[in-house]
Amino acid sequence: MGGNNMDLELSDEQKLIVAQVRRLVREEILPLEAKLDPDASELLPEDFARLSAKVKEMGFWGLDIPAEYGGPGIDLVTRTLMAIEMAQHRAGLYAPCYGVFGGAGLAQLYEANEDQKQRYLYPTLRGEKRGFFGLTEPSGGSDPARAIQTRAVRDGSDWVLNGSKVFISGADRAQYGLVFARTDAGKGRDGVTCFIVDTDMPGFHVRRIIHTLRSTNYATELQFEDLRVPQANVLGEVNRGFAIANDRLSRQRIPYAAACIGIAVKAQEMAIDYAKLRDTFGAKLATRQAIQWMIVDNEIDIRTSLWLTLAAAQKAERGEPFRTDAAMAKLVASEAGGRVVDRAMQIHGGYGMTKDLPLERWYREMRIRRVGEGPSEVQRLIMARDLLGGSFH
Amino acid sequence: MAIRLDKPWTPLGAEAVQRLPGQLGVFQLADGEGRILEIGYAGGRSLFGLRSAVEEARQRQPEARRFRVEITMQYQTRYRELLMLHVADHGTLPPGNRGEPIKLGRLSPL
């Protein structure tokens, strides 16, 4: 998967890296996870510290941090392959390896000015601060540019924000967040500005946790009441905030797809193992054509998702337009992943429904993937727009 | 949506606990004055769900005199929410939860 678009063979280096991540998941994460609650979202602090140190020794810490900011400088295709491996455990869809590979912070902060980087990006990269991404509102999530009703009004050298956000992950534990607010009521997507908001400011409220099918990274509901934000905390230009949001949404779709593939690969592995072991009516499940076809359909779903996602990563890595490719990868991987987990549960019968196995958690959390980061219908809309041109939407 | 667990308290005793369902969920134990001593959950590894989880908590909290439960499949996020609510209302975790290796956020509920 190097520079040649048609080369589908992993390089020796990629094989080595994938093997290292696989070993870490199987030898370190899985044994620890077996002792945790099935819906757990965190390792014990001492385990997290030990494994984070190990990942740093391996040279993989902060995978998605650009090399010029201290990241390991691994290309996107290889990071996608790693993300597929990192997801292959019970909590892996939303908490791959429980975060021991470190984070890269919010991608938009790399576009911030130097003062903002000093105050927010660098402390985040050092692990001193956490941020959240505040886009979706009660009025809608699929068309955020038009649905945003949170208002920001200029008042001297500050902006005053009023409104609310929903389905915002991590806001209750963050020191700051990127909040998108309407600064020009008459301009639709050209009237939205991105603000960096400090969560300790008066007027910032995390009102409640939104309980969903997901066990990890719960969402919260936010309210802003006369929240003052200085002009110095405007990210990018006033009224140009939607471009910042949109760029993030496209980039996120590739790792989002990769995690779905990782879960599907693991579910398929479990389904095959179980079908070879389990006897029914005097023969192994694996001898039944109904089961064989499910396993074959799983494999088709996995490989389709895999190649589309790697192709999108390859295009993005080369600096080519990849919006349609990322949307296609996200759509196919999230829908296919759901089908694979569903078939694996069917093969496991009653045990597939229990918390003894990770399948029930994957089933719940995978359902969210068809909606999160833009639902399947919006992905189709994006692709149709690109394929047909701007005049037909 | 009400986020506080404000169901009536039930007197805590072995018989009352034995009548609890084996389902997953969250619970609170309080002393005779209604001060919450421990917030807990019955998770996927609990032997008999709320029944066994509350019984274990009863053994840990000899001062406890009352309890209440809420059946929920989202026991992990609800448990965290109840802990955060307690911190928001009282400034600290219940005595039985202090020292737990759990990272909590901040809520400012209405």
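As the structure is a computational prediction, the values presented were derived from the model and not from experiment.

Brief notes about the overall build of chain A
Okay, step 1: Of the regular secondary structure elements, chain A holds 10 helices and 10 strands.
Okay, step 2: Taking 21 Å as the expected radius of gyration for a compact globule of 393 residues, we find that chain A reaches 22 Å, a close match to that expectation.
Okay, step 3: Projected onto its principal axes, the C-alpha coordinates of chain A cover approximately 80 × 55 × 45 Å.
Okay, step 4: Residues counted as buried form 52% of the 393 residues belonging to chain A.
Okay, step 5: Across chain A, the fraction of contacts at a sequence separation of at least 24, relative to all contacts at a separation of at least 6, is 71%.
Okay, step 6: Split by element, the accessible area of chain A, about 17,400 Å² in all, is 53% carbon and sulfur.
Okay, step 7: Where the 51 positive side-chain charges of chain A centre and where its 52 negative ones centre are 3 Å apart.

Quick look at the overall build of chain B
Okay, step 1: Summing up its helical and strand segments, chain B has 3 helices and 4 strands in all.
Okay, step 2: Reading chain B from its N terminus to its C terminus gives the helix and strand order β-α-β-β-α-β-α.
Okay, step 3: For chain B, the C-alpha radius of gyration of 13 Å lies close to 13 Å, the compact-globule estimate for 110 residues.
Okay, step 4: Each of the three principal axes of chain B carries a C-alpha extent, and together these read 35 × 30 × 30 Å.
Okay, step 5: Buried positions account for 49% of the 110 residues belonging to chain B.
Okay, step 6: Of the contacts made within chain B by residues no fewer than 6 positions apart, 67% connect residues no fewer than 24 positions apart.

Observations regarding the packing of helix H7 (residues 289-317) of chain A against helix H8 (residues 323-348) of chain A
When two helices pack together, their arrangement is captured by the angle between the axes and the distance separating the axes.
Residue and element names in this part refer to chain A.
Okay, step 1: Contact geometry of H7 with H8 gives a least axis separation of 9 Å together with a crossing angle of 160°. One way to sum up the angle between H7 and H8 is to call them roughly antiparallel. For the crossing formed where H7 meets H8, the hand is left-handed.
Okay, step 2: Here the residues of the contact of H7 with H8 sort into 14 nonpolar, 5 polar and 6 charged.

Description of the interface of chain A and chain B
It is common to give the size of an interface as the accessible area that goes away when the parts come together.
Okay, step 1: In this complex, chain A contributes 31 residues to the contact, which on the side of chain B involves 25 residues.
Okay, step 2: Among the residues of chain A in contact with chain B, Asp37, Arg207 and His211 of chain A are the three that bury the most area, contributing 24% of the side total.
Okay, step 3: Between the two partners, chain A and chain B, sit 1 salt bridge.
Okay, step 4: Residues arginine 80 of chain B and glutamate 42 of chain A are paired through a salt bridge, measuring 3.8 Å at the closest nitrogen-oxygen approach.
Okay, step 5: There are 15 residue pairs in polar contact (both at pLDDT 80 or more) connecting chain A and chain B.
Okay, step 6: The greatest single-element share of the side of chain A that touches chain B, amounting to 6 residues, is contributed by strand S6 (residues 204-210) of chain A.

Thoughts on the domain arrangement of chain A
Residue and element names in this part refer to chain A.
Okay, step 1: Each assigned domain of chain A is listed here: domain 1 (131-235) and domain 2 (243-388).
Okay, step 2: Relative to domain 2, the C-alpha centre of domain 1 lies at a distance of 31 Å.
Okay, step 3: Listed as interface residues are 11 residues of domain 1 and, on the opposing side, 11 residues of domain 2.
Okay, step 4: Viewed at the interface, domain 2 and domain 1 are joined by 1 residue pair in polar contact (both at pLDDT 80 or more).
Okay, step 5: Taken together, the residues of the side of domain 1 that touches domain 2 break down into 6 nonpolar, 4 polar and 1 charged.

With respect to the pattern of salt bridges
Residues and elements named next belong to chain A.
Okay, step 1: Across all of its chains, the model carries 37 salt bridges over all chains by this definition.
Okay, step 2: The shortest N-O distance in the salt bridge between glutamate 299 and arginine 303 comes to 3.1 Å. One end of the pair is glutamate 299 and the other is arginine 303, both in helix H7 and 4 residues apart, which spans about a single turn.
Okay, step 3: Take glutamate 299: its relative accessible area is 28%, and that puts it in the partly exposed class.
Okay, step 4: Between glutamate 360 and lysine 355 there is a salt bridge whose closest N-O contact spans 3.0 Å.
Okay, step 5: Taken together, the salt bridges that share partners define one network made up of Asp39, Lys355, Glu360 and Arg364.

Section: the sheet that holds strand S3 (residues 36-42) of chain B
Residue and element names in this part refer to chain B.
Okay, step 1: Pairing is antiparallel across the open sheet formed by 4 strands, whose spatial order is S1-S4-S2-S3. Bordering the open sheet on either side are strand S1 (10-11) and S3, each of which pairs with just one other strand.
Okay, step 2: By the bridge criterion, 6 bridges tie strand S2 (residues 25-30) to strand S4 (residues 66-71) in an arrangement that is antiparallel. Looking at the pairing, valine 26 lines up with glutamate 70 of S4.

A closer look at H7 of chain A
Okay, step 1: A rise of 1.5 Å per residue sets the reference length of H7 of chain A, with its 29 residues, at 42 Å; its end C-alpha atoms lie 42 Å apart and thus fit the reference within 8%.
Okay, step 2: Where H7 of chain A terminates, the next one or two residues include glycine 319 of chain A, which has phi positive at roughly 80°.

Focus: the pairing of S4 of chain B
Okay, step 1: When S1 of chain B meets S4 of chain B, the two strands line up antiparallel, connected through 2 bridges. Note that in S4 of chain B the partner of proline 11 of chain B across the bridge is arginine 66 of chain B.

Some thoughts on the packing of aromatic side chains
The relation between two aromatic rings is expressed through the spacing of the ring centres and the mutual angle of the planes.
Residues and elements named next belong to chain A.
Okay, step 1: In the structure shown here, the tally under the stated rule is 9 aromatic pairs over all chains.
Okay, step 2: On the basis of an interplanar angle of 40° and a centroid distance of 5.9 Å, the ring pair of phenylalanine 132 and phenylalanine 204 is categorised as tilted. Placement of the pair is phenylalanine 132 in strand S1 (residues 131-134) and phenylalanine 204 in strand S6, with a sequence separation of 72 residues.
Okay, step 3: On the basis of relative accessible area, phenylalanine 132 is assigned to the buried category, the value being 1%.
Okay, step 4: By relative accessible area, phenylalanine 204 is classed as buried at 8%.
Okay, step 5: Note on phenylalanine 204 and phenylalanine 224: the rings are 6.0 Å apart at their centroids and 35° apart in plane angle, and the pair reads as tilted.

Reading the values: the criteria
- Residues numbered from 1 in each chain as written.
- Chains lettered and ligands numbered in written order.
- Predicted model: local features only at pLDDT ≥ 70, side-chain atom pairs only at ≥ 80, totals over all residues.
- Heavy atoms only, no water.
- Helix = DSSP H or I, 4+ residues; strand = E, 2+ residues; numbered from the N terminus.
- Rg over C-alpha atoms; globule rule 2.2 N^0.38 Å.
- Buried < 20%, exposed > 50% of the residue type's maximum accessible area, 1.4 Å probe, protein only.
- Contact = heavy atoms within 4.5 Å.
- Areas by Shrake-Rupley, 256 points an atom, 1.4 Å probe, with all protein chains shown as cover.
- Lys, Arg positive; Asp, Glu negative; His and termini not counted.
- Charge placed at Lys NZ, Arg CZ, Asp CG, Glu CD.
- Axes fitted to C-alpha atoms, helices over the stretch in contact; angles between N-to-C directions.
- Parallel < 35°, antiparallel > 145°, perpendicular 65-115°, else oblique.
- Left-handed = near helix turned anticlockwise from the far one by under 90°.
- Nonpolar A, V, L, I, M, F, W, Y, C, P; charged D, E, K, R; others polar.
- Buried area = accessible area lost by both parts, 1.4 Å probe.
- Salt bridge = Lys/Arg side-chain N within 4 Å of Asp/Glu carboxyl O.
- Polar contact = N/O pair within 3.5 Å; in protein donor to acceptor, adjacent residues only side chain to side chain.
- Domains from an automatic or database assignment.
- Pairing = 2+ DSSP bridges.
- Expected span 1.5 Å × (residues − 1).
- Phe/Tyr/Trp six-rings, centres within 6.5 Å; stacked < 30°, edge-to-face > 60°.

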